[in-house]
Amino acid sequence: MLLMNSKTVLELYVATLMRHLKEFTWTMAKPSFKTPLTLLPPITTCLVAALLLLVQIYFAGKHALNATFAFVAIPVLALSFIIMQRFLKHYGVVSQLKESEEKFHTLFNHAGDAIFIVDMRGNIIEVNDEAVKRLGYTRAELLTMRADNIDTPEYAASIPDRIAIIQRQGFAFFESSHVSRDGSVIPVEINARLTEYNGCPAIMAVARDITERKLADKLLLRQNGYLRALHETTLGLISRLELHSLLSAIITNAATLMNTEHGYIYLLDEGQTKMVIQVQLGVFDCFEHHPLECGEGMAGYVWEHRESFHVDDYSSWPGRINDPQRDCLKAMAGIPLKSGTDVVGVIGLAYTDNDNVFDEGKIELLQRFAELASLAIDNARLYDAAQKELGERTKAEESLHKLSHAVEQSPVSIVITDTDGNIEYANPYSTQLTGYEPHELLGQNPRVLKSGFTSQQEYQDMWQTILSGHEWRGEFHNRKKNGEYYWEMALISPIRNQAGTITHFIAIKEDITDRKKLENQLRHSQKMEAVGQLAGGIAHDFNNILTAIIGYATIMQIRIAAESPLKSTVDQILATAERGAGLTQGLLAFSRKQVSNPGRVNLNEIIERVEKLLVRLIGEDIHLITILADQDLPLLADSIQLEQALMNLATNARDAMPEGGTITIGTEVVFLDSSFVATHGFGEEGCFALLSVSDTGYGMEEETIKRIFEPFFTTKEIGKGTGLGLSIAYGIIKKHRGYVTCSSSPGNGTTFRIYLPLAPDTEIQRPDSQDSAPYRGGHELVLLAEDDEYARMLSKELLEEFGYTVIETEDGDQALQEYREHGDKIGLVMLDAMMPGMKGMDVYREIRNINPHARVLLCSGYNPDIMQNKGFLDQNLHFIAKPFMPKELLMKIREVLEDVV
């Protein structure tokens, strides 16, 4: 019975274990399974059943079924314990995670910085309390916004780029500016990192408010600027010894530091009882001033309280001076000037607008400035006392020692004479400059330096000024001991004794020879530029006239029979007109407005190419020598223009040797350093190709050399030269960013040195020889817009002569109207660039808007470079320069009409 009962119990237990094990297995397999809490009932039941089963086996003895039941119960029991253990462990982790999450939310919401969580599209998906408080929006409002909604426009535009950076490297650190609900801008510093939010990638951005730091940086920057200005403006104060000029410098520099124009300086009178104004600026020049008692006005208030004082509105300050004129004063400040601990004066500054005030930073800066100004005033007063009391040798000796040292080491000439002008002292620089030894100058009169170039009237004015006790400033053109001339800027002042009698004169003179050279070079450059502009303008207007002359002459040449007696006459007209066109091209070359075609060329090859032509040009009685550099001299230049300049120089050299001689052309590489630039007054440091052209001709005087590059200047007889050869060469050289010098003297020949900047070492272009393409007429309809009547009539007649049909208009408005009416029939539009009303380029743009494939040809007396710089050219626009030969125009028209757009 016991066995049966035990067996029955065991079977019941086994069945229960299997049933709960099956339930446990199905629970684990369910998709909805998320937490071990769902396993708690079956696990508990299995565990209890397994324990009871083991107990039953223990009391049932060694029944045959016991082993089987034990084999089932023991694994189930072990499995139940393992699952229970994992459940308890998971439950503990969940608790810890929940606790960590609560701590995170607490830190997130109570953080001092604004925190934003943004998805990868820039949408705000979470914010903390600080973000809500700072921006003034509710949390719900922020969660409907994007990141670019809270950034200023300049920063909002870069948000996609920043998101891409964060995705790529996982973090980013940058500055931005947020805009709150009330419109205020908040500068922020953002630390953004890639994170995960609700299982999706997101960005957590921590925004720190850096408003105070920005203000501090701005304040520091302003303070540094003030300190720098303070240093620069106070350096010159200590060296000033004349009190009134020193006070003027002090108030001027103080006003500059504070960015105002209004100020004054009061000083105590000799009795130390009243403040008396010394200098004033701005509106204070218009006020009436009287000595101030202690405590009266701004200066008296500072004197009384012995410290700086400022108000934001002077007109409402109770201590103001009752004067309606002063109602214009707004912010005002007074700074004490002290000698030791005693107030001896006051610097006053004011603003007349409402935008400026004197803050603590400005007051501190002014106080530091006033300390240095006080030292300068003390120094000036001490010097004045030393001059008045020569008997105080102890003080005077130290000052004189410093003065003597400064004079001896001075980089300017200092000469002291008696009242008759006899030299009693000359410092070392003076003897070094003039070439005279000290013993040669002492006792001499400064007239030993006269060159004869300074007028006698200038000397009389100088003596009259200094004998009357005033300072004289002027220039002397003097001569050194070796005969070399030089320029001096002189300041001559009288020296007085204690009684005020003039006993000596002191002259402080600065060598300005180099400055004079630079001024002369500048004036010459300006003169050449002005002449060039005039020449270019004349050439441009003359081009229209030449265009008509050449065109009509060409038509006559075509129409007149070969046997006609007028044939040679027309040929002469045409040849003469072409010479006129060459003259205008020369003028354009001088004014650097001719068409250029720069490319990589070798200067040596250009000389070799034209050498044979030069031999024929200069004649048999002149020997030509070329000495070329061993290396290539690559230039970025127009080889045709350089050839022209070289031929002009050779022609000039030939004309200087009517009885024969030698022309030497040489090239070499030179390096222009800073000393070269300083000596010559032109150029820039770097490597240059030096082209020298020398002759053994008559040579030139200095006055002639100064004018050789002027257009139409010539020393030749009338009819033997235009005076344009060297001016054209000058214009070509300047257009190539080069420099040219001329050295010559009568009887010793002339040498021109041309410095051209070397181009980087690249492949050098060789000129290609091309045969001229044939030209022909056509039958297209041409719209002609030209304001010059003769040029318009010529073009119309020429085009009709060669088969074209022409619609002529006088200005751009008419041309545009005709194109709108007949645009579908017009094959070519020919526009003058400069017309009254609409310019050629304006008409071109309107036509291209109507028909993007319209053929347009622009004509002008200016070259394409100048037109493009003025915005008159499109890089795809066809262009022909005036004056043009009829053949050139017809060929250009065919080129435009046959061009495939």
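Residues numbered from 1 in each chain as written. Predicted model: local features only at pLDDT ≥ 70, side-chain atom pairs only at ≥ 80, totals over all residues. Heavy atoms only, no water.

Participant: How do you make sense of the overall build of the protein chain when you look at a structure like this?
Facilitator: Counting secondary structure elements, the protein chain contains 28 helices and 27 strands. Expressed as a percentage of its 901 residues, the buried residues of the protein chain come to 42%. For the protein chain, contacts bridging at least 24 residues in sequence account for 59% of all contacts bridging at least 6. Put simply, the protein chain shows about 49700 Å² of open surface, and 54% of that area lies on carbon and sulfur atoms. (Helix = DSSP H or I, 4+ residues; strand = E, 2+ residues; numbered from the N terminus. Buried < 20%, exposed > 50% of the residue type's maximum accessible area, 1.4 Å probe, protein only. Contact = heavy atoms within 4.5 Å. Areas by Shrake-Rupley, 256 points an atom, 1.4 Å probe, with all protein chains shown as cover.)

Participant: Would you explain the sheet that holds strand β15 (residues 502–511) in this entry?
Facilitator: Strand pairing in a sheet takes place through backbone hydrogen bonds and is either antiparallel or parallel in direction. Strand order across the open sheet formed by five strands is β12-β11-β15-β14-β13, with antiparallel pairing between neighbours. Two strands in the sheet have a free side with no partner beyond their single neighbour: β12 (423–426) and β13 (472–479). Within this sheet the neighbouring strands show an average axis-to-axis angle of 30°, counted without direction. Pairing of strand β11 (residues 413–418) with β12, which is carried by three bridges, proceeds in the antiparallel orientation. (Pairing = 2+ DSSP bridges. Axes fitted to C-alpha atoms, helices over the stretch in contact; angles between N-to-C directions.)

Participant: So what exactly am I meant to see when it comes to a nonpolar patch on the surface here?
Facilitator: A cluster of nonpolar side chains, contributed by F542, I545, I549 and I573, occupies part of the molecular surface with about 310 Å² of accessible area. The leading source of residues in the nonpolar patch is helix α17 (residues 513–559), at three residues. Here I573 lies in helix α18 (residues 566–590). (Patch = residues over 30% accessible without salt bridge, like charges linked within 9 Å, V, L, I, M, F, W, Y side chains within 5 Å. Salt bridge = Lys/Arg side-chain N within 4 Å of Asp/Glu carboxyl O.)

Participant: Looking at this structure, how should I read the pairing of strand β23 (residues 781–785)?
Facilitator: Remark: a regular strand shows side chains that alternate across the two faces of the sheet. Of all five residues making up β23, five are buried, and the element is well covered by its neighbours. Side chains L781, L783 and A785 project from β23 onto one buried face, and the interleaved V782 and L784 project onto a second face that is buried too. Inspection of the sheet shows β23 paired to strand β24 (residues 805–809) by five bridges, in the parallel sense. Residue pairing in the sheet places L781 in a bridge with T805 of β24. Each parallel crossover has a hand, and for β23 linked through helix α24 (residues 789–801) to β24 it is right-handed. (Right-handed = clockwise from strand over helix to strand, strands pointing away.)

Participant: I keep staring at helix α25 (residues 812–822) and nothing clicks. Help me out?
Facilitator: Turn by turn, an α-helix covers 3.6 residues, leaving residues three or four places apart pointing in a common direction. Three or more residues of α25 are buried, namely G812, A815, L816 and Y819. Around the axis of α25, the buried residues are gathered within 95° of arc, so they sit on the same side. Turning to α25, the residues buried within the fold contact β23, β24, β25 (826–832) and α26 (840–850). The N-terminus of α25 is capped by D811, whose side-chain oxygen sits 3.2 Å from the backbone nitrogen of D813. (Arc of directions from axis to C-beta. Polar contact = N/O pair within 3.5 Å; in protein donor to acceptor, adjacent residues only side chain to side chain.)

Participant: Mind showing me how you'd approach the pairing of strand β6 (residues 262–268) here?
Facilitator: Of all seven residues in β6, seven are buried; the element is thus mostly enclosed. Covered by surrounding structure in β6 are H262, Y264, Y266 and L268 together with G263, I265 and L267, the residues of both alternating faces. The sheet contact formed by β6 and strand β10 (residues 342–350) spans six bridges and is antiparallel. Within β10, the residue paired with Y264 across the bridge is G348. Where β6 lies against strand β7 (residues 275–281), six bridges are found, and the strand directions are antiparallel. In the sheet register, L268 faces β7, and the bridge partner there is M275. Linkage of β6 to β7, two consecutive antiparallel strands, is achieved through a turn of six residues, within which Q272 is found at a positive phi near 60°.

Participant: Just checking my understanding: could you explain the pattern of salt bridges for this structure?
Facilitator: Any two side chains of opposite charge can pair, so long as their charged atoms come close to each other. The full count for this structure, using the stated rule, is 26 salt bridges. In this structure, R894 engages E780 in a salt bridge whose closest nitrogen and oxygen atoms are separated by 3.1 Å. With R894 in helix α28 (residues 886–897) and E780 in the loop between β22 (750–757) and β23, this pair connects stretches of sequence that are 114 residues apart. Of the residues examined, R894 reaches a relative accessible area of 11% and is grouped as buried. With a relative accessible area of 26%, E780 lands in the partly exposed category. The partner of R845 in a salt bridge is D842, and the shortest N-O contact between them spans 3.5 Å. Of the two residues, R845 and D842 both sit in helix α26, three residues apart, roughly one turn of that helix. With a relative accessible area of 39%, R845 lands in the partly exposed category. D842 gets classed as partly exposed once you look at its relative accessible area, which sits at 34%.

Participant: Would you explain empty space enclosed by the protein in this entry?
Facilitator: If a probe as big as a water molecule is rolled over the atoms, it shows which places are left empty. As enumerated under the stated definition, the model contains seven cavities of 30 Å³ or more in all. Approximately 250 Å³ is the volume attributed to the largest cavity. Taken together, 18 residues line the largest cavity, and the ones lying closest to its centre are V118, A147, F174, I190 and A205. Those elements that provide at least two residues to the lining of the largest cavity are β1 (114–119), α6 (147–150), α8 (159–169), β3 (171–179), β4 (185–197) and β5 (200–209). By residue number, the principal contributor to the lining of the largest cavity is α8, which donates four residues. Taken together, the residues that form the lining of the largest cavity break down as 14 nonpolar, two polar and two charged. (1 Å grid on protein atoms, 1.4 Å probe; cavity = no way out; pocket = protein on both sides within 12 Å on 5 of 7 lines; lining within 4 Å. Points joined across faces, edges and corners; volume = space filled by probe spheres on them. Nonpolar A, V, L, I, M, F, W, Y, C, P; charged D, E, K, R; others polar.)

Participant: Whenever I open this one, the sheet that holds β25 confuses me. Can you help?
Facilitator: Strand order across the open sheet formed by five strands is β24-β23-β25-β26-β27, with parallel pairing between neighbours. In this open sheet, the two edge strands, each paired with only one partner strand, are β24 and β27 (878–881). Each neighbouring strand pair of the sheet contributes to a mean axis angle of 20°, computed without reference to strand direction. Two strands pair when backbone bridges link them, and β25 and strand β26 (residues 856–860) are joined in this way by four bridges, in the parallel orientation. Pairing of V829 across the sheet is with V856, part of β26. Sheet contacts for α26: β25 and β26; angle to β25, the most-contacted strand, approximately 155°. Sheet contacts for α28: β25, β26 and β27; angle to β27, the most-contacted strand, approximately 175°.

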